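# Working through the structure, step by step
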Amino acid sequence: DQDRPLFGMTMWDCHFPLLATAFKTNAHVLLPSLYTVCSGFPLERIFEMSKTLPSECLRMLILGREELRNALATLVMHLPKYIQKGAEESICLEEEHCLKTVDYSNLQYAGVVNLLFDDECGYAFVVDAIGPPCDRCRVYLAEEVDRRWDEIWNRIPSFFGLPEWSILQQELKKLKES
């Protein structure tokens, strides 16, 4: 619920000030998540908030957002392959296999990448982007999407010019110990 108050403003309005603060204070461990959240905003909103960000932070956000969106578009582009794989492996137990009748047209529009930012899990994405296949197929597709999202998540720091997760975790451990 992005309209709830946080730090005297709505949660919706906190992301960019938090990103600016984390960037200015070299809180690298917070940056991948904040960059990812801010990347999900419409470009117009990013431009509105650009005056609140240091120029290098904004540069990293824009460049990383592009890499992230490309990775998500690739996930969407390969989704028919995962659907076909499920159909070939007879995941569906329905008389008319729902994976064989999936309507791919919903995957053809640019907004489907935005759904990956908006939906919190593969299950929600499958329902929103593909429609209501049977429960078994929905779970299969959700797991495929979640698996690919995990692969992308592991690369998120590199999209924004940050050290890999293991180094960020070491930095966090040092912060906790100090």
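Residues numbered from 1 in each chain as written. Predicted model: local features only at pLDDT ≥ 70, side-chain atom pairs only at ≥ 80, totals over all residues. Heavy atoms only, no water.

### Considerations on unusual backbone geometry
- Unlike most non-glycine residues, Asn26 shows phi in positive territory, near 55°.
- Looking at the secondary structure, you find Asn26 in the loop between helix 1 (15–24) and helix 2 (31–39).
- A relative accessible area of 51% places Asn26 in the exposed class.
- One non-glycine residue, Ser90, lies in the positive phi region at around 55°.
- Relative to the assigned elements, Ser90 resides in the loop between helix 4 (55–88) and helix 5 (111–118). (Helix = DSSP H or I, 4+ residues; strand = E, 2+ residues; numbered from the N terminus. Buried < 20%, exposed > 50% of the residue type's maximum accessible area, 1.4 Å probe, protein only.)

### Observations concerning the packing of helix 4 against helix 5
- At a closest axis distance of 9 Å, the pairing of helix 4 and helix 5 adopts a crossing angle of 105°. The angle between helix 4 and helix 5 places the two elements in the roughly perpendicular class. On helix 5, the residues touching Leu68, Arg69, Leu72, Ala73, Leu75 and Val76 of helix 4 are Val112, Val113, Asn114, Leu116 and Phe117. (Axes fitted to C-alpha atoms, helices over the stretch in contact; angles between N-to-C directions. Parallel < 35°, antiparallel > 145°, perpendicular 65-115°, else oblique. Contact = heavy atoms within 4.5 Å.)

### Re the pattern of salt bridges
- Under the defined criterion, the tally for this structure stands at six salt bridges.
- The shortest N-O distance in the salt bridge between Glu48 and Arg45 comes to 3.3 Å. You can see Glu48 and its partner Arg45 sitting in helix 3 (residues 43–49), three residues apart, about one turn around the helix. (Salt bridge = Lys/Arg side-chain N within 4 Å of Asp/Glu carboxyl O.)

### Quick look at the packing of helix 2 against helix 7 (residues 135–159)
- Relative orientation of the contacting elements helix 2 and helix 7 amounts to 100°, with a least axis distance of 9 Å. Comparing the axis directions of helix 2 and helix 7 gives the class roughly perpendicular. Along the contact surface, helix 2 presents Pro32, Ser33 and Thr36, while helix 7 presents Trp153, Ile156 and Pro157.

### A few points about the nonpolar core
- Ranked by size, the top nonpolar core spans 54 residues in total, and within it Leu19, Tyr35, Leu99, Phe125, Ile130 and Ile152 carry the most contacts.
- Every element with two or more residues in this core is listed here: helix 1, helix 2, helix 3, helix 4, helix 5, helix 6 (122–129) and helix 7.
- Looking at this core element by element, the count peaks at 13 residues for helix 4. (Core = buried A, V, L, I, M, F, W, Y, C linked by side-chain atoms within 4.5 Å.)

### Some details on the state of the cysteines
- Taken as a whole, this structure holds zero disulfides when the rule is applied.
- Cysteine Cys92 remains unbridged, with the sulfur of Cys98 as its closest cysteine sulfur at 3.5 Å.
- Among the residues examined, Cys92 registers a relative accessible area of 3% and is labelled buried.
- With no disulfide partner, Cys98 has as its closest neighbouring cysteine sulfur the one in Cys137, 3.3 Å distant. (Disulfide = S-S within 2.5 Å.)

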